[in-house]
Amino acid sequence: MSDFKQLHIQALVEANWETPDWQRLEPTWEGNWLLERHSMTERLKAHCDTLTVDVLGLHEIERGALSESERALLGDETCMVREVVLSGDDTAWLCARTLVPMSTLTEQEKDIAELGAVPLGHRVFNQANARRDAIEVAHLTIDGAVLLARRSRLWVNEKPMLVSELFLPHAPIYQEEG
Ligand code: VNL
């Protein structure tokens, strides 16, 4: 496993997720990013010419290996894990880990296991009934820097998946505009 993956994905797995303080966060620049209910892909795209996805990993995780909170949000089920890095104009901005229960990867959603370099948000939010809930936030310390992260549940055709996203140091969430 690469050092980057080991460090960043492991930090997401071990994060201490907390309910956001909506009142405090909502009026802020970073809060606007963290609490985004629509597509993060679209939001990131607005800040670069080219958004690229690199798949770091794609594997299965047994239900017994899920954390208690993951089980509570998704159900007690084997999941597919998709790990990616998103870059805006070749600068790494976001590291993401998504858990997709096997019962979500059925019928119309079978393709979600085979997205490759297509951003998940592009696939999910093309669907009219997509929605996001259970947004949580965390601060993760990596290489001495405190980085922002969030976890949220996405629904497609009433089937859930759980997305954890870590904003890397050069991400636009840290670059408030006038
Ligand atoms: C993915 C995950 C894409 C989280 C994202 O969109 C994201 C992906 C920017 O796995 O493709 O926020």
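(A) A look at the nonpolar core. Ranked by size, the top nonpolar core spans 20 residues in total, and within it Leu 34, Leu 44, Leu 86, Trp 93, Leu 94, Phe 167 and Ile 173 carry the most contacts. For this core, the elements supplying multiple residues, two or more each, are helix H3 (29-34), helix H4 (40-45), strand S1 (51-61), strand S2 (79-88), strand S3 (91-101) and strand S4 (131-142). Here the element with the most residues in this core is S3; it accounts for three residues. Membership of the second largest hydrophobic core comes to 14 residues, among which are Ala 11, Trp 17, Val 85 and Cys 95.

(B) View of the site of the ligand. Close contacts around the ligand come from Met 40, Thr 41, Leu 44, Arg 82, Val 84, Leu 86, Leu 94, Ala 96, Pro 119, Leu 120, Val 163 and Glu 165, and that covers them all. In the environment of the ligand, an oxygen atom lies 2.8 Å from a nitrogen or oxygen atom belonging to the backbone of Leu 120. Between Glu 165 and the ligand, the recorded distance is 2.3 Å, taken from a side-chain N or O atom to an oxygen atom. The set of elements that each furnish at least two residues to the shell around the ligand consists of H4, S2, S3 and strand S6 (159-167). Split by residue class, the shell around the ligand holds nine nonpolar, one polar and two charged.

(C) Main features of the pairing of S4. Bridge analysis of S4 against strand S5 (residues 145-156) gives 10 bridges, and the strand direction is antiparallel. Note that in S5 the partner of Val 137 across the bridge is Arg 150. Counted along the chain from S4 to the antiparallel partner S5, the turn is two residues long, and its residue Asp 143 has a positive phi close to 50°.

Cut-offs applied
Residues numbered from 1 in each chain as written. Predicted model: local features only at pLDDT ≥ 70, side-chain atom pairs only at ≥ 80, totals over all residues. Heavy atoms only, no water. Core = buried A, V, L, I, M, F, W, Y, C linked by side-chain atoms within 4.5 Å. Buried < 20%, exposed > 50% of the residue type's maximum accessible area, 1.4 Å probe, protein only. Helix = DSSP H or I, 4+ residues; strand = E, 2+ residues; numbered from the N terminus. Near = heavy atom within 4 Å. Polar contact = N/O pair within 3.5 Å; in protein donor to acceptor, adjacent residues only side chain to side chain. Nonpolar A, V, L, I, M, F, W, Y, C, P; charged D, E, K, R; others polar. Pairing = 2+ DSSP bridges.

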